[in-house]
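Listed below are the residues making up each chain.
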Amino acid sequence: MPSNRTLGTLLRHLIEHLDDAVEHRYRAAGFGYKPRYTPVVRALLDLHEASLRQIAHHAQITHSAVSQTIAQMGDSGLVETVQGTDARQHVVRLTSKANRMVPELRSIWLATNTAADRLDTELPYSLSSLLADTISTLEKRSFEERIRSEQEQLQNPEEIHVKHSKHPSRKRLSAKPAIRSILLTLTAYAAIHAACLGQNTSPTPMLDAATRRAVVQQMEADINSTYVFREMRPALVSMLEQAFKAGRYDVSDPNIFAEKVTEDLEAASHDGHLYLNSDPEQYAATIAPPRSDVGLDAYRRRLAIRTHSGLTKLEILPGNLRYLQVEAFHWTPVLTPAAYDDALKFLSDGDALILDLRENGGGNSDAVDYLARLLRPLAKRKPLYILVDAHVASAAEAISYGFQQEKLATIVGGTTYGAANNNKKLPIAPQFILSVSYNRPVNPISGTNWEGVGVVPDLKVPSTQALAAAELDAYRRLRSTPGLAAERAAEYTWAAVATDAQLHPVVIAATHLQTLAGDYGTISVRYADGALRLNRSDRPKWQKNLLLAPLSADDTFQVEGSEDLRLRFTKSGLDLLHGSEDEREPFTRSTVQR
């Protein structure tokens, strides 16, 4: 291996190989599954169902990491969110699809751990013991401190010479290249198990006792000076002090430290905006000069550019419903206003509007205020639906609650998180961000806000059904428009049939499906594996064996691959419907069936 490659480069290269190997085994099993899902899956297998914070605690990963992973798993149909025993609390559980994958997943996990164990036996030293000893030694004196010490010595060559001559052990250390091999192997060993568990393999600086003491003291000072509810400040400070003295925060991992502090703050305050995050990047940006290349403005600009300011999807749905998904409220001058301006121009041509805020945990108030100003005039002229779930919080709740109170929108989905108070994010060395509520907003219409109770939907449905429920209600409202043209009414009715079938799947008995199979001129309908499939001999470019999905009890089916093509069986044969009930192509059933 080339000698000019640094230890860090070698480690990263090795970890990439290991991560790729584990992910390849998931792909080989035919799963749309990522290694990072594993700690969440393991936690839910143990707990059956749990809140995000319970999952984070059980898996010993951060709340933000769990939230992002749950969002990805939800998109893949692996988890679902349901209401817990506490009306305010929502819990996550594995779907039937995920549970069907578990036996094969366990097999892959076992094989990965076994492969790591076999690697351990092939090496001339015990990796598990060496790993434990290395961590213990680094907790006493961090690797960063050791690097800093070496840097100071390298600045004075004479001092290095003297120290090396007095301490021959230094020469022995530098003369043993095996130390590099051992560190590489240790990292490989850790990376294999981390890949199996889906954990982040990036190195995390450890906290010593003095640093933990300083962090807690700074939190107490910030809460005393800033927290909105003055009467609660002494109790919160006392709680932190007692927990620290009791040893609750005696952990060296900053992520676990932040999780423990956050659990205590939320339990004592019931305030969704009072928490501690371990976020080195945001901490560095917050303490830097705001307009510098590494300052907060640059940090926000990077976030906005990478996510298009949080506007992640625009779509025209059947019936000319216009859909906008906003996954977070990021803000940077010029770019973000332009993104919202373009999005609102797109929405303005819709017959009804759908704003999807599911999984949106909030963000910059400038962004949500700008969207609200643009959206309000449209919402006064056209039906507006806002989709929400238990992960919607803060700024995303603000626009939902405000538009609901003004009767400008129909809120669809599940009750939101319940974080209303305005918050500041304060840096705490060496890498923390403390969120502290500094203001309690009061809605002029309700005289209160959504803190602790969340935004309660007007149409309460499971998160996964929120879009279809909004579409169906929009078609109903649009069809009732006075003076509506017959052609437009037919368009809404057509779209509503398919959407209703999503919400209320039609089940047709196999015995009845078998009676529908047969030949209808150039169309052949066959029954196989519990479903009907269509072939058309005079359309050679059509896909073969198109699935017919039931839409209604009158034997109407959606033809696979086209929203505008349906099939309805009649007494004499069948009709192909091309985008409308009036556009029919009839086919007579053959008297002789094959």
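Residues numbered from 1 in each chain as written. Predicted model: local features only at pLDDT ≥ 70, side-chain atom pairs only at ≥ 80, totals over all residues. Heavy atoms only, no water.

(A) Representation of the overall build of the chain in the model. What the chain contains, in helices and strands, is 21 helices and 20 strands. Scored against the burial criterion, the 594 residues of the chain give a buried share of 44%. Within the chain, contacts between residues separated by at least 24 positions form 63% of all contacts whose residues are at least 6 apart in sequence. As displayed, the chain offers around 30,900 Å² of accessible surface, 53% of which is attributable to carbon and sulfur atoms. (Helix = DSSP H or I, 4+ residues; strand = E, 2+ residues; numbered from the N terminus. Buried < 20%, exposed > 50% of the residue type's maximum accessible area, 1.4 Å probe, protein only. Contact = heavy atoms within 4.5 Å. Areas by Shrake-Rupley, 256 points an atom, 1.4 Å probe, with all protein chains shown as cover.)

(B) Structural context of the environment of Ser446. Here Ser446 lies in the loop between β11 (432–439) and β12 (459–460). By relative accessible area, Ser446 is classed as partly exposed at 29%. The contact partners of Ser446, leaving out residues within four places of it in the chain, are Tyr401 and Gln405. A polar contact is formed between the side chain of Ser446 and the backbone nitrogen of Thr448, at a distance of 3.2 Å. (Polar contact = N/O pair within 3.5 Å; in protein donor to acceptor, adjacent residues only side chain to side chain.)

(C) Region of the structure containing the sheet that holds β11. Across the sheet, three strands lie side by side as β4-β11-β10; this open sheet has antiparallel pairing. Bordering the open sheet on either side are β4 (275–278) and β10 (422–428), each of which pairs with just one other strand. Taken pair by pair, the neighbouring strands of this sheet meet at an average axis angle of 30 degrees, ignoring direction. Summarising the sheet, β10 and β11 pair through seven bridges and their orientation is antiparallel. Directly across from Asn423, in β11, lies its bridge partner Ser437. The sheet strands contacting helix α14 (residues 280–287) are β4, β10 and β11, and the helix crosses β10 at an angle near 90 degrees. (Pairing = 2+ DSSP bridges. Axes fitted to C-alpha atoms, helices over the stretch in contact; angles between N-to-C directions.)

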